[in-house]
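Notes for the structure review
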Amino acid sequence: MKIATHLLAAACLVGLAACATSAGDAVAPSTSTDDVAAGGTQTVSIAGSTAFGSPFPSLTGTNLQKHKDGDADFERHFVTADGLGPLFINPNCTACHVNDGRGAVPIDDPSSVQMLFRLSQAGQDAHGGPLPVAGFGDQLQTRGIVGTTPEGSLSISYVEAIKKLADGTSMSLRQPSYAVATPYMAMPAGLLLSARVAPPVVGLGLLEAVNEVDIVANADENDANGDGISGRPNYVWDVASQTTVLGRFGWKANQPTIRQQVGAAYNGDMGITTSLFPLEPAAGQSQAGNQPPAAGTSFDLPDTEFESVAFYVRTLAVPARRNVKDAQVLAGKTLFVSAKCASCHLPVLRTSATPGLPAETANQTIAPYTDLLLHDMGPALADNRPDFRATGQEWRTPPLWGLGLSEVVNGHSSFLHDGRARGVLEAIMWHGGEAQQSADAVSQMSAPDRAALLAFMKSL
């Protein structure tokens with residue numbers, strides 16, 4: 001991996017945007033301490049480095065053992081003999097999702113490979129998704145097994161920009177630039193590239209159990225209520241059902257189910273085929289041996305292990321909030337609401353019984369602080385790469401539960417889709433578009449109020 005770093009002083013960067021909702025605005029976010037159990041009954045009171053790695057407390061017997069088996073499978077380190085590659089990014093799930101948490105920006109941790117580049121070219125594939133790049137597919141493969149040339153490497157550089165808050169406080173935001181270094185073949189003109197770090201996997205099963213009707217009810221695509229916020233759902237291709245359905249997972253809500261998210265990660269990140277994704281991502285590439293299409297009956301990962309890992313991810317518990325009765329935290333929660341952050345980062349959602357999901361995910365009142373909808377976050381955060389219905393400026397509202405434990409779980413506090421923000425306040429100041437009003441409100445806060453807001457967010 002080649003990473004070029006350029007830290008240059010620069011001019012002020014105007015605050016960016018984001019948050020709000022329609023129906024969400026109609027539901028006054030709670031300012032009480034009733035969201036301590038962020039995952040409902042599937043909450044654990046662990047605040048150490050293992051805070052993201054516990055099973056649902058209600059799991060017992062066969063299901064608890066199934067979770068444990070899935071945990072072991074999640075940590076499995078693949079080698080060539082297991083089907084790794086011929087092109088890949090990492091050899092196991094935990095290499096990106098360290099402690100089931102957030103990936104690091106390589107420049108912050110040069111030893112890590114927890115960021116990837118999505119690739120596409122103008123247009124859409126047959127299902128309305130991004131159009132893969134000939135010779136590269138939809139993701140840059142930065143590593144190869146012995147004898148296989150990687151597709152290229154990540155090139156990352158930053159320019160520092162000074163931002164002044166209303167009270168005169170000065171801070172610096174790093175503006176990233178990305179490129180593919182040392183590509184194995186010429187890349188086409190007009191390449192669309194999007195950098196992504198691995199998000200935490202905590203609580204995903206609960207989000208999968210939120211009824212689609214409830215998610216869509218919070219959308220306001222045409223901003224009918226005039227609040228400046230127009231969250232909308234993404235609709236994406238479901239490989240299993242061969243239909244277009246609601247997207248929930250991924251930075252642009254481009255995956256409909258945990259099972260598809262897991263299968264896509266095995267395939268795209270490790271070159272591991274499954275019954276859902278039977279084709280090697282390197283198929284047809286000369287430097288990878290012109291891998292033929294899979295026979296359709298034999299896959300690198302048996303269905304038993306595939307389903308085991310999906311079950312594990314679906315049954316990861318959510319850590320409880322901390323210091324919820326602290327006066328500063330309570331004040332910060334009020335400020336979070338008044339700045340309209342809670343309009344997109346919805347404090348409360350409800351799960352329901354869903355066919356195919358573990359029964360333990362059902363009927364929970366949860367506090368994920370997301371609406372699972374797409375929002376225009378402005379040009380500064382744009383990757384300019386459409387993904388199904390998501391435009392180049394739209395991103396799904398990421399859940400905030402576990403946010404305050406990122407440092408202790410993963411050893412860093414890098415946030416946003418590409419980890420550019422070195423802390424929560426930087427992440428807020430990058431907000432633009434629909435969330436500009438929230439960023440502006442925080443920028444106008446006094447230092448004590450900002451400290452209270454950050455104390456609340458650290459309690460999540």
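Take the overall build of the protein next. Each helix and strand counted, the protein has eleven helices and 17 strands in total. Within the protein, the fraction of its 460 residues that count as buried is 56%. On the protein, roughly 17200 Å² of surface is accessible, and the fraction owed to carbon and sulfur atoms is 56%.

A separate point is the packing of aromatic side chains. Counting across every chain of the model gives seven aromatic pairs. A ring pair is formed by Phe74 and Tyr312, whose centres lie 5.2 Å apart and whose planes are at 45°; its orientation type is tilted. Taken together, the residues span a long stretch of sequence, with Phe74 in helix 2 (residues 61-74) and Tyr312 in helix 6 (residues 303-314) at a distance of 238 residues. Across the pair, exposure class does not vary: Phe74 and Tyr312 are buried alike. By way of ring pairs, the aromatic residues Phe336, Tyr369 and Phe456 are connected into one cluster.

Note on placement: Ala451 falls in helix 11 (residues 447-458). Residues Ala451 and Leu425 lie 26 residues apart in sequence; the distance between their C-alpha atoms is 9.7 Å.

As a further point, take unusual backbone geometry. Working note: non-glycine residues mostly have negative phi, and peptide bonds are mostly trans. In this structure, the amide linkage connecting Gly85 to the following residue, Pro86, adopts the cis form with an omega of 15°. Its location among the elements puts Pro86 in the loop between helix 2 and strand 2 (87-88). Positive phi is not limited to glycine here, since Asp100 has a value of about 65°. Residue class for Asp100 comes out buried when judged on its relative accessible area of 7%. Look at Leu416: it is not a glycine, yet its phi comes out positive at around 80°.

Interaxial distance between helix 7 (residues 327-338) and helix 11 falls to 7 Å at its minimum, and their mutual angle equals 95°. By the criterion of interaxial angle, the relationship of helix 7 to helix 11 is roughly perpendicular. Mapping the contact onto sequence places Gln328, Val329, Ala331, Gly332, Lys333, Leu335 and Phe336 in helix 7 and Asp449, Ala451, Ala452, Leu453, Ala455, Phe456 and Met457 in helix 11. Here the contact of helix 7 with helix 11 is composed, by residue class, of ten nonpolar, two polar and two charged.

A separate point is the pairing of strand 6 (residues 153-164). Across a regular strand the side chains alternate sides, sitting on one face of the sheet and then on the other. For strand 6, a buried count of nine out of twelve residues is recorded, marking the element as mostly surrounded by other parts of the structure. As defined by bridge partners, strand 6 adjoins strand 7 (residues 170-181) across twelve bridges and the pair is classed as antiparallel. Along strand 7, the bridge assignment pairs Leu154 with Val180. Between strand 6 and the antiparallel strand that follows it, strand 7, lie five residues; Gly168 among them carries a positive phi value of about 95°.

With respect to the helices, strands and loops of the structure, Asn234 is situated in strand 9 (residues 234-238). Classification of Asn234 by relative accessible area gives buried; the value is 0%. Excluding residues that lie within four positions of it along the chain, Asn234 makes contacts with Val245, Leu246, Gly247, Lys252, Ala253, Asn254, Leu374, Asp387, Phe388, Arg389 and Ala390. A distance of 2.8 Å separates the side chain of Asn234 from the backbone oxygen of Lys252, its partner in a polar contact. In this structure the side chain of Asn234 is engaged in a polar contact, spanning 3.3 Å, whose partner is the backbone oxygen of Asp387.

So, on to the packing of helix 5 (residues 258-270) against helix 6. In the contact formed by helix 5 and helix 6, the axes pass within 9 Å of each other and the chain directions differ by 120°. The orientation of helix 5 relative to helix 6 falls into the category oblique. Once helix 5 is placed against helix 6, the crossing between them reads as right-handed. Where helix 5 approaches helix 6, its residues Ile258, Arg259, Val262, Gly263 and Tyr266 are matched on the opposing element by Phe306, Glu307, Val309, Ala310, Val313 and Arg314.

With that settled, the discussion passes to helix 5. Across its 13 residues, helix 5 extends 17 Å between first and last C-alpha, which sits within 8% of the 18 Å expected from 1.5 Å per residue. Those residues of helix 5 that sit buried are Ile258, Gln260, Val262, Gly263, Tyr266, Asn267, Gly268, Asp269 and Met270. Buried positions along helix 5 lie against helix 2, strand 2, strand 3 (115-124), helix 3 (204-208), strand 9 and helix 6. Directly after helix 5, the chain includes Gly271, whose backbone phi takes a positive value near 70°.

A word on the pattern of salt bridges. Under the counting rule described, the total for this entry stands at 14 salt bridges. One salt bridge in this structure joins Arg196 and Asp383, with 3.7 Å as the shortest N-O distance. Taken together, the positions of Arg196 in strand 8 (residues 192-197) and Asp383 in the loop between strand 14 (374-376) and strand 15 (394-396) put the pair 187 residues apart, joining distant regions of the chain. Asp383 shares its class with Arg196; the two are buried. For the salt bridge of Lys252 with Asp383, the shortest nitrogen-to-oxygen distance reads 3.0 Å. Taken as a pair, Lys252 in the loop between strand 10 (243-247) and helix 5 and Asp383 in the loop between strand 14 and strand 15 lie far apart in primary sequence, 131 residues in all. Looking at Asp383, the relative accessible area reads 9%, which means it is buried.

Below, the discussion takes up the pairing of strand 3. Relative to strand 8, strand 3 runs antiparallel, the two being bridged by six bridges. Bridge pairing in strand 8 links Leu119 to Leu193. Here strand 3 pairs with strand 4 (residues 130-131) via two bridges, running antiparallel. Considered in strand 4, the bridge of Gln121 is made with Leu131. Linking strand 3 back to strand 4 in an antiparallel pair, the connection comprises five residues, with Gly128 at a positive phi of about 90°.

Now for the sheet that holds strand 3. Strand order across the open sheet formed by three strands is 4-3-8, with antiparallel pairing between neighbours. Strand pairing shows two members of the sheet lacking a second neighbour, strand 4 and strand 8, which therefore form its edges.

Conventions adopted
Residues numbered from 1 in each chain as written. Predicted model: local features only at pLDDT ≥ 70, side-chain atom pairs only at ≥ 80, totals over all residues. Heavy atoms only, no water. Helix = DSSP H or I, 4+ residues; strand = E, 2+ residues; numbered from the N terminus. Buried < 20%, exposed > 50% of the residue type's maximum accessible area, 1.4 Å probe, protein only. Areas by Shrake-Rupley, 256 points an atom, 1.4 Å probe, with all protein chains shown as cover. Phe/Tyr/Trp six-rings, centres within 6.5 Å; stacked < 30°, edge-to-face > 60°. Axes fitted to C-alpha atoms, helices over the stretch in contact; angles between N-to-C directions. Parallel < 35°, antiparallel > 145°, perpendicular 65-115°, else oblique. Contact = heavy atoms within 4.5 Å. Nonpolar A, V, L, I, M, F, W, Y, C, P; charged D, E, K, R; others polar. Pairing = 2+ DSSP bridges. Polar contact = N/O pair within 3.5 Å; in protein donor to acceptor, adjacent residues only side chain to side chain. Left-handed = near helix turned anticlockwise from the far one by under 90°. Expected span 1.5 Å × (residues − 1). Salt bridge = Lys/Arg side-chain N within 4 Å of Asp/Glu carboxyl O.

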